[in-house]
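The primary structure of each chain is shown beneath.
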Amino acid sequence: MFASRASFVFGGALFSVIFFRHVPQLEVLPPLGQGIAKTLGVMAVLFALFCYSLELERLGKVIEEQRHERNAE
């Protein structure tokens, strides 16, 4: 479960670094189509990261439940 939270924190930090690195370039906006495409791409990557962290958390819960069941026996 720690890995799921850590992956989301590191992914969010990486997104922040990339975003703030390119903020000075926003003086000239890209064409509307290109801006929408890039925004959708970033949103897709962030959603994939969110889904990945959820799956890691579910896996951690299953492993944790199995440990508790073994200790109960």
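Shown above is the structure to which this text applies.
Residues numbered from 1 in each chain as written. Predicted model: local features only at pLDDT ≥ 70, side-chain atom pairs only at ≥ 80, totals over all residues. Heavy atoms only, no water.

*Asks:* Just give me the short version of a nonpolar patch on the surface, but keep the residues and values in it.
*Replies:* On the surface, Phe15, Phe19, Phe20, Val23 and Val42 cluster together into a nonpolar patch covering about 440 Å² of accessible area. Per-element tally for the nonpolar patch: the top contributor is helix 1 (residues 2–22), with 3 residues. Within the fold, Phe19 resides in helix 1. For Phe19, a relative accessible area of 42% gives the class partly exposed. (Patch = residues over 30% accessible without salt bridge, like charges linked within 9 Å, V, L, I, M, F, W, Y side chains within 5 Å. Areas by Shrake-Rupley, 256 points an atom, 1.4 Å probe, with all protein chains shown as cover. Salt bridge = Lys/Arg side-chain N within 4 Å of Asp/Glu carboxyl O. Helix = DSSP H or I, 4+ residues; strand = E, 2+ residues; numbered from the N terminus. Buried < 20%, exposed > 50% of the residue type's maximum accessible area, 1.4 Å probe, protein only.)

*Asks:* Lay out the packing of helix 1 against helix 2 (residues 32–72) with the relevant residues and their values.
*Replies:* Close contact between helix 1 and helix 2 brings their axes to 7 Å; oriented N to C, the two are set at 165°. Classified by the angle between their axes, helix 1 and helix 2 sit roughly antiparallel to one another. Seen from above, helix 1 lies across helix 2 with right-handed handedness. Of the residues in helix 2, those touching helix 1 at Ala3, Ser4, Arg5, Ser7, Phe8, Gly11, Gly12 and Phe15 are Val42, Leu46, Leu49, Phe50, Tyr52, Ser53, Leu56 and Glu57. Of the residues belonging to the contact of helix 1 with helix 2, the class tally is 9 nonpolar, 5 polar and 2 charged. (Axes fitted to C-alpha atoms, helices over the stretch in contact; angles between N-to-C directions. Parallel < 35°, antiparallel > 145°, perpendicular 65-115°, else oblique. Left-handed = near helix turned anticlockwise from the far one by under 90°. Contact = heavy atoms within 4.5 Å. Nonpolar A, V, L, I, M, F, W, Y, C, P; charged D, E, K, R; others polar.)

*Asks:* Describe the pattern of salt bridges, listing the residues and the values that go with them.
*Replies:* For the structure shown, the criterion picks out 2 salt bridges. Note that Glu55 and Arg58 form a salt bridge whose closest N and O atoms lie 2.8 Å from each other. Of this pair, Glu55 and Arg58 both sit in helix 2, 3 residues apart, which is roughly one turn of that helix.

*Asks:* Which residues make up the environment of Gly60, and what values go with them?
*Replies:* Residue position: Gly60 is located in helix 2. For Gly60, a relative accessible area of 13% corresponds to the buried category. Sequence separation of Gly60 and Ser4 is 56 residues, and the distance between their C-alpha atoms is 8.3 Å.

*Asks:* Residues and numbers for helix 1, please.
*Replies:* Its 21 residues give helix 1 an end-to-end C-alpha distance of 30 Å, which sits within 8% of 30 Å, the value for a rise of 1.5 Å per residue. Those residues of helix 1 that are buried lie in contact with helix 2. (Expected span 1.5 Å × (residues − 1).)

*Asks:* Lay out the side chain of Ser53 with the relevant residues and their values.
*Replies:* Its place among the elements puts Ser53 in helix 2. The class for Ser53 is buried, based on a relative accessible area of 7%. Excluding anything up to four places from it in sequence, Ser53 contacts Ser4, Ser7 and Phe8.

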